[in-house]
Amino acid sequence: MTKNIKISFTGDLMVLIPQLKASYINATKAYNFDAIFSEISKYLKKSDYVIGNLETPLAGEALGYTDKDTVFNTPIEFGISLKTAGFSYLSIANNHCLDRHSVGLRNTINNLRNINIDFGGGYLNNSESKSDDCIKIVNKKKIAIFSYTYGTNSQWQNNKLGEDEKYIVDLLREQDDYKDVGSSNFVTLKSFIKRVLPQSIREKIKPIVIQDCVKENNLDEEYINRLKERVYNARKAADIVILYLHSGGQYNSSIGNYTKNLVDEISSWGVADAIIINHPHCVLKHEWINNTLITYSLGNFCFTPNWGYYYKGVYADYSIVLNAYINPQTNTIEDYTFFITKCVRKKDGNSVVYHVKDIPTKSTYKDCLAVLSRFFDKSITSFDINKEEHNIKDFY
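A brief look at the structure comes next. If you're wondering where the values come from, they're calculated on a predicted model, not measured in any experiment. (Residues numbered from 1 in each chain as written. Predicted model: local features only at pLDDT ≥ 70, side-chain atom pairs only at ≥ 80, totals over all residues. Heavy atoms only, no water.)

## Here we look at helix α4 (residues 101-115)
Piece 1. With 15 residues, α4 ought to run about 21 Å at 1.5 Å a step, and its terminal C-alpha atoms sit 21 Å apart, in line with that.
Piece 2. Residues of α4 that are buried include every one of S102, G104, L105, T108, I109, N111, L112 and I115, and no others.
Piece 3. Positioned one or two residues after α4, N116 has a phi angle of 70°, which is positive. (Helix = DSSP H or I, 4+ residues; strand = E, 2+ residues; numbered from the N terminus. Expected span 1.5 Å × (residues − 1). Buried < 20%, exposed > 50% of the residue type's maximum accessible area, 1.4 Å probe, protein only.)

What follows is the structure, encoded as structure tokens:
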């Protein structure tokens, strides 16, 4: 009997300032991020291919490492630790990919190539973006992966690409025009909440100012048609087609209109085997459309809990690792399983990722029920926390 191919999807891979500081080793005068994955890598390595969202450039020290809450650049050693932990593919199409502008993206691409880890969603130049090398070979099967983002924070970071670089990031829509941060009501209010108001009031007001990633509901026809053409072409050659998208409102508990319209449009093409979405930084529901699984957010796989603009009540320190089992004879996804992870911040500053079965406390169990209720969009009142993987069908 032929063994199924196991592909795993994780949520956002982040390195915030506390983690950056904790990962600097004074004895060696170098960075090492292995501690983050020390408890979870044994589970990741059971997969044939592991996909994650690299929510930070690896642009090099010369461009300055992360020194702000929401503008990132992480040492290349993070990428090395991800590969060591079992990651196979990193999506670099997200709202932080141009945090060090186009030169930072190019540095990231070159660094990932030097590490020898697969990636998608970004290119060195417009010509390279036409190469369409979205197909990865996994156990002799052709897996097409499309990594796309709604934007790059261009309205705040002033990183809108010119015509000569228009396609170096796989975008779902045209980038927003730059706005003076000082005149942005949202950013000003967000800054006021964080720096002035007491924590108790902050938590009450945050849901009011948290917005979807895109205000308008309409899709950008030019960019969507470009994606559609690529997906259709890939479908002719690939055994499996996966869309790994960056969209949705941060810390939201519901699906925004833009993201729902996006999913409905892509689903209508009838060519995707799975649509995996990240960006909200908390676990959101999944659904099936025409036998295609859509997950709206798998949550934060690694980040620093209870730090920065962190919103309590959405279980942002938990995530879902989703496993797709591909039948190599029928070239179909035959089954889905999952397990829950939790980021635990240690005294040394490292935020370590755990499989919840390895930390089965009463509070963790209770939180997991809430996470599962979000993922299945219904009340889940029990599950076996000691089980390594759960079949998604068992909760229907």
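## A look at the pairing of strand β10 (residues 274-278)
Piece 1. Burial within β10 is extensive, with 5 of its 5 residues counted as buried.
Piece 2. Burial along β10 is two-sided: A274, I276 and N278 facing one way and I275 and I277 facing the other are all buried.
Piece 3. The sheet contact formed by strand β9 (residues 240-246) and β10 spans 5 bridges and is parallel. Bridge assignment links I242 to a residue of β10, and that residue is A274. (Pairing = 2+ DSSP bridges.)

## Describing the pattern of salt bridges
Piece 1. All chains considered together, the criterion is met by 14 salt bridges.
Piece 2. With its nearest N and O atoms 2.6 Å apart, the salt bridge here joins D177 to K160. With D177 in the loop between α6 (154-157) and α7 (185-195) and K160 in the loop between α6 and α7, this pair connects stretches of sequence that are 17 residues apart.
Piece 3. For the salt bridge of D335 with K393, the shortest nitrogen-to-oxygen distance reads 3.9 Å. With a gap of 58 residues between them, D335 in strand β15 (residues 332-345) and K393 in the segment after β17 (390-391) connect regions that are remote in the sequence.
Piece 4. Taken together, the shared-partner salt bridges connect K160, E174 and D177 into one network. (Salt bridge = Lys/Arg side-chain N within 4 Å of Asp/Glu carboxyl O.)

## Section: empty space enclosed by the protein
Piece 1. The final tally for this structure, using the stated rule, is 2 cavities of 30 Å³ or more.
Piece 2. Reported here for the largest cavity is a volume of approximately 50 Å³.
Piece 3. Every residue along the wall of the largest cavity is listed here: S247, G248, G249, S254, I255, G256, T259, I277, P280, L284 and Y296.
Piece 4. Its boundaries defined by the atoms lining it, the second largest cavity holds a volume of some 40 Å³.
Piece 5. L54, T56, P57, I92, C97, L105 and T108 are the residues that line the second largest cavity.
Piece 6. Residues of the lining of the second largest cavity, tallied by class, amount to 5 nonpolar, 2 polar and no charged. (1 Å grid on protein atoms, 1.4 Å probe; cavity = no way out; pocket = protein on both sides within 12 Å on 5 of 7 lines; lining within 4 Å. Points joined across faces, edges and corners; volume = space filled by probe spheres on them. Nonpolar A, V, L, I, M, F, W, Y, C, P; charged D, E, K, R; others polar.)

## Section: the sheet that holds β10
Each strand in a sheet pairs with its neighbour through backbone hydrogen bonds, running either in the same direction (parallel) or in the opposite one (antiparallel).
Piece 1. One open sheet accounts for 6 strands, arranged β7-β8-β9-β10-β12-β11; its pairing is mixed. The two strands at the open ends of the sheet, each matched to only one other strand, are β7 (135-138) and β11 (286-289). Taking each pair of neighbouring strands and ignoring which way they run, the sheet shows an average axis angle of 20°.
Piece 2. With respect to the sheet, helix α10 (residues 257-269) is in contact with β9, β10, β11 and β12 (292-295), its orientation differing from that of β11 by roughly 30°. (Axes fitted to C-alpha atoms, helices over the stretch in contact; angles between N-to-C directions. Contact = heavy atoms within 4.5 Å.)

## What to know about the side chain of T364
Piece 1. Inspection of the secondary structure puts T364 in helix α11 (residues 362-376).
Piece 2. Not counting chain neighbours up to four residues away, the residues in contact with T364 comprise Y318, K342, V356, I359 and I385.

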